Structures are given as C-alpha cells and as structure tokens.
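Chain by chain, the residues:
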Amino acid sequence: QVQLVESGGGLVQAGGSLRLACAASGRTFSSYAMGWFRQAPGKERDFVAAITWSGGSTYYADSVKGRFTISRDNAKNTVYLQMNSLKPEDTAVYYCAAGTRPSIVVRTYDYWGQGTQVTVSS
C-alpha cells in the first residue's frame, strides 16, 4: 500500500514557475514508477510526465516537453514536478500516481494522490 500526498500548487502568473512535490508513505516507494497527471474542469485526466523507479528514464507529454521536469528522490520518498514557463492552459488539478511501470494511461497506475490545484493567470 502506498499513500501519496501532493503539495506545491498555487496561483502563478503566466511565464512563472512552480515546483510540485508528491510525498509517498511506505517502504516500497523506490520500486514504483511514478507519474504526474492533470485534470482541468470538464476534461479528462491527462498524462503529464512519468519516471521509472530508478529515475533513469523520464517521459513527457508533448505539451509540456522542454518546460516541465520530473525527478525523484527515493531516499526522501518524494517525486517532483518542476514547471517552468507556465501558461494559462496549464491550469488544472495535478495528481501524482504510482504504478508498476511508467505509462501515459491512467488505469495503469495503482495509487493516486488527492491532487493539488495549479492556476496560471494571463
């Protein structure tokens, strides 16, 4: 069992930056691939980024490539999402998730956090 808690969301102007963190409980965190997804009002939950258990490979949605960076610190049981050059269209609730392999598919992941709101003003 893994419990995930996101933090770091907030209101930022376009062009600004935020760093999201997802803290995991449980001693098996380092064995899980981690992903970040986001969901805007009235829309489906979309893939943002994913990282393998070791941190050796990362994956990004085209819409965030070059602006967002996913990383993890297994010693701290935490995964991060550094978001730069934010745009109004990045506004959404951001969720972290844990699964057995990195994937862009929501149902691949076994555990989810409660989400953190990111709002980018124009």
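The structure this text deals with has already been given above.
Because the structure is a prediction, the values reported are computed rather than measured.

Next up on the list: the overall build of the chain. Across its full length, the chain holds zero helices and 11 strands. Written out in order from the N terminus, the α and β elements of the chain read β-β-β-β-β-β-β-β-β-β-β. Its C-alpha atoms put the chain at 40 × 25 × 25 Å along the principal axes. Taken across its 122 residues, the chain has 44% of its residues classed as buried. Put simply, the chain shows about 6,300 Å² of open surface, and 47% of that area lies on carbon and sulfur atoms. A gap of 4 Å separates the mean positions of the 12 positive and 8 negative side-chain charges of the chain.

Attention now goes to the pairing of strand E4 (residues 33-39). Burial of E4 is extensive: six of the seven residues sit out of reach of the surface. Here E4 hands over to strand E5 (residues 45-51) after five residues, with Gly-42 in that stretch at a positive phi of 75°.

Among the eight residues in strand E9 (residues 92-99), seven count as buried, and that is most of the element. Looking at chain direction, E4 and E9 are connected through seven bridges and run antiparallel. Considered in E9, the bridge of Phe-37 is made with Tyr-95. Strand direction decides the pairing type here: E9 and strand E11 (residues 116-121), joined by three bridges, are antiparallel. Following the sheet pairing, Val-93 is matched in E11 by Gln-117.

What counts as what
The residue numbers shown here count from 1 along each chain, following its written sequence. Reporting of local features is limited, given that this is a predicted model, to residues whose pLDDT is at least 70; pairs of side-chain atoms are given and counted only at 80 or more, and all residues count toward the totals for whole chains, interfaces and linings. Heavy atoms throughout the structure, all of them, feed into the side-chain values; hydrogens and water do not. In DSSP terms, a helix is any run of H or I states spanning at least four residues, a strand is any run of E spanning at least two, and both are numbered starting from the N terminus. A simple rule labels every residue: compare its accessible area, found with a 1.4 Å probe on the protein chains alone, to the largest value its type can have, and call it buried under 20%, exposed over 50%, or partly exposed in between. A 1.4 Å probe and the Shrake-Rupley method give the accessible areas. Residues count as covered only by the protein chains that appear here. Neither His nor the chain ends contribute to the count of charged residues, in which Lys and Arg are positive and Asp and Glu negative. Every charge is mapped to an atom, namely NZ of Lys, CZ of Arg, CG of Asp or CD of Glu. Two strands are counted as paired when DSSP detects at least two bridges linking them.

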